[in-house]
Every structure is written in structure tokens, then in C-alpha cells.
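# Structural characterization, general
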Amino acid sequence: MEIIKRNRRILLITAMVILLSPLSILAYMYMNERAGGLADQRISKVWGLNEPIHIPIANSPQGAVQEFRGESYTSQFIHQEAVDGGMILFTQKKGRENNSNLQMEYTRKNIFGWKWVWGGGYSINESVESKFALNYMSIPKLEKVSAPLPMLFGDIIDSTIKRVTVEIKQNGKPETFDAKLVEAGENQQIWYAFLPSSATPPYTIKAYDEKESLLINKDIEEADGFGSLFIE
């Protein structure tokens, strides 16, 4: 009889553990993802903030960006790329004369919705006399924050550029990564390349024409920076 009672207690305890485990996991996930939660605290530390920022959860990648950036956010979404666990979005502020600007936003999918994680962009004034061929920005890997970084991206100004590569050195050996070129509107083309998490500067940006003639060959020393390149 005692054995039967003991077995019943074991079965009851086992059933309770099975029932409570998913609830515990769900509770932890909520604590991690909620505005001001553990995920936001990690990003706050990257920014050097003493208090956690509050990043809301939205129903879409675009909504996540707009919710985080605020009501005054007026940039237009011009392209998006699905990545492991989330979405990369590119935005631009239109109507700026002689100005080249591009913003990258990374949003992550969780069981509650979409959440903004990281972003960066540039705005470069271009005079009529300037002969910029390609703009770029480099965003480094983040410590303790999961994101598809490092990456380089930018826009192509000179239409003779048909291919862009980023070269790095891994264990002393060069590795080349082809950037993806995308038509993002009328007479507008952007490029971006995802690099291994172990990649560190210098990065070498190369651009070629349709005949594979080298037009640009420039070393980028900054892990976090932007600029414009000319055809040599």
C-alpha cells in the first residue's frame, strides 16, 4: 500500500513538473523580452547606460522600428532582408538635395512579436563637384547581444559599379565576401555584406565594373565608421 502511495506521489510530482516547466520557460522569455527586460538591459550596457532602455514589442519588423524610433520617425523603408532570427531593414529620408543617407535597422522575432535590437546609419552631403562613387558604413559585432554583425553596407552612386566585395583576413589568410547589390528605388542601388563574427578590421572594400575591372580598392580601418570612396 505504501509503495502505491509513494508511486502516486511520484507521478503527481512528475505531472506538476511537466506542467510547470513550460510556464517557467514562458515566464523567463517574457522577463527577457518585455520592455526594460533582460534583453534591453544587455543593450543598455553596450550603450554604457546605468538605467535600462525600454524597447517595445510590435507586430511587424517595420512596427518595431517605428515604435522604438518614436512618432517623429519619418524615414521610408526601402528594402528588407530576412536573416536568421530576424529582419534587416534599410530606411532613407527622402527629399534631401545633394545628400546621401541610409539607415540599417535590425529587428528580432520572438514569440511575443518583433523587437528592435540595433541600428546605424549615415548622412553625407555631396556637392555638385564631388565624384563619390560609393558610400559605406561599418557596424561592429556587439558584446553579449545576438545580431548578424559585423556588417558593411552603403549605397552605390556610380552606375558603372556592378560588383562589390569585402575582403578580410582570417588566421592570416584572405577571405572574400561578395556584397549583395539591390535596386532600392528609381536610380538607387544599395549594397551590404555580412561578415563572420570573428572578423576584425582592416576590411578591404573592392568595386568592379561589368568587365570585372577593379575600380575601387580601399582598406577600412574603423570597426564602426562611415565614409565615401572614389574611383581610382
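Our subject is the structure that appears above.
Note that the structure is predicted; figures quoted are calculated from it, not measured.

It is worth spelling out the overall build of the protein at this point. Helix and strand counts for the protein come out as three helices and 14 strands. Long-range pairs, those at least 24 residues apart, make up 50% of the contacts in the protein with a sequence separation of at least 6.

Before going further, it helps to spend a moment on the sheet that holds strand β8 (residues 163-170). By way of backbone hydrogen bonds, the strands of a sheet pair with one another, either parallel or antiparallel. With antiparallel pairing, four strands are arranged side by side in an open sheet as β9-β8-β12-β13. Strands at the two margins of the open sheet, each flanked by one partner only, are β9 (173-178) and β13 (214-220). Neighbour to neighbour, the strand axes of the sheet diverge by 20° on average, direction disregarded. As paired strands, β8 and strand β12 (residues 203-208) are joined by five bridges and run antiparallel to one another. The partner of Arg-163 across the bridge, within β12, is Tyr-208.

With that settled, the discussion passes to the pairing of β9. Pairing between β8 and β9: six bridges, direction antiparallel. Bridged to Lys-169 within β9 is Pro-174. Taking the residues that link successive antiparallel strands as the turn, the β8-β9 hairpin has two residues, and the phi of Asn-171 there is positive, at about 55°.

For helix α3 (residues 61-69), the complete set of buried residues consists of Pro-61, Gly-63, Ala-64 and Val-65. Tucked inside the fold, the buried residues of α3 contact β1 (57-58), β2 (76-83), β3 (86-92), β4 (99-110) and β5 (113-125). Of the residues one or two after α3, Gly-70 is the one with positive phi, at around 105°.

If you trace the backbone, Thr-91 turns up in strand β3. According to the relative accessible area criterion, Thr-91 is buried, its value standing at 0%. If near-sequence neighbours (up to four positions away) are discounted, Thr-91 is found in contact with Tyr-73, Ser-75, Gln-76, Phe-77, Ile-78, Leu-102 and Gln-103.

It is worth spelling out the sheet that holds β4 at this point. Strand order in this open sheet of five strands is β1-β5-β4-β3-β2, and the pairing throughout is antiparallel. The open sheet has two edge strands with one neighbour each: β1 and β2. In this structure, β3 lies alongside β4, joined through six bridges in antiparallel fashion. Paired with Phe-90 across the bridge in β4 is Met-104. Sitting on the sheet, α3 touches β1, β2, β3, β4 and β5, and the angle it makes with β5 is about 70°.

A contiguous patch of negative charge on the surface is contributed by Asp-219, Glu-221, Glu-222 and Asp-224. Structurally, Glu-222 is set in the loop between β13 and β14 (225-230).

What follows covers unusual backbone geometry. Residue Leu-149 is joined to Pro-150 through a cis peptide bond whose omega torsion reads 10°. Following the sequence through the fold, Pro-150 ends up in the loop between β6 (132-139) and β7 (151-156). Here Pro-201 and Pro-202 are connected by a cis peptide whose omega angle stands at 5°. Positive phi is not limited to glycine here, since Glu-212 has a value of about 65°.

Our next topic: the nonpolar core. Within the largest apolar cluster, 23 residues are counted, with the highest numbers of intra-cluster contacts made by Phe-90, Met-104, Met-151, Phe-153 and Ile-190. Elements that contribute at least two residues to this core include exactly β2, β3, β4, β5, β6, β7, β10 (180-185) and β11 (188-194). Per element, the largest residue contribution to this core is four residues, and it comes from β5. Core analysis: the next-biggest nonpolar cluster, separate from the first, contains 21 residues, Ala-179, Trp-191, Tyr-203 and Ile-205 among them.

What counts, and where the lines are drawn
- Residues numbered from 1 in each chain as written.
- Predicted model: local features only at pLDDT ≥ 70, side-chain atom pairs only at ≥ 80, totals over all residues.
- Heavy atoms only, no water.
- Helix = DSSP H or I, 4+ residues; strand = E, 2+ residues; numbered from the N terminus.
- Contact = heavy atoms within 4.5 Å.
- Pairing = 2+ DSSP bridges.
- Axes fitted to C-alpha atoms, helices over the stretch in contact; angles between N-to-C directions.
- Buried < 20%, exposed > 50% of the residue type's maximum accessible area, 1.4 Å probe, protein only.
- Patch = residues over 30% accessible without salt bridge, like charges linked within 9 Å, V, L, I, M, F, W, Y side chains within 5 Å.
- Areas by Shrake-Rupley, 256 points an atom, 1.4 Å probe, with all protein chains shown as cover.
- Salt bridge = Lys/Arg side-chain N within 4 Å of Asp/Glu carboxyl O.
- Lys, Arg positive; Asp, Glu negative; His and termini not counted.
- Charge placed at Lys NZ, Arg CZ, Asp CG, Glu CD.
- Core = buried A, V, L, I, M, F, W, Y, C linked by side-chain atoms within 4.5 Å.

Worth remembering: the numbers are spatial, not functional.
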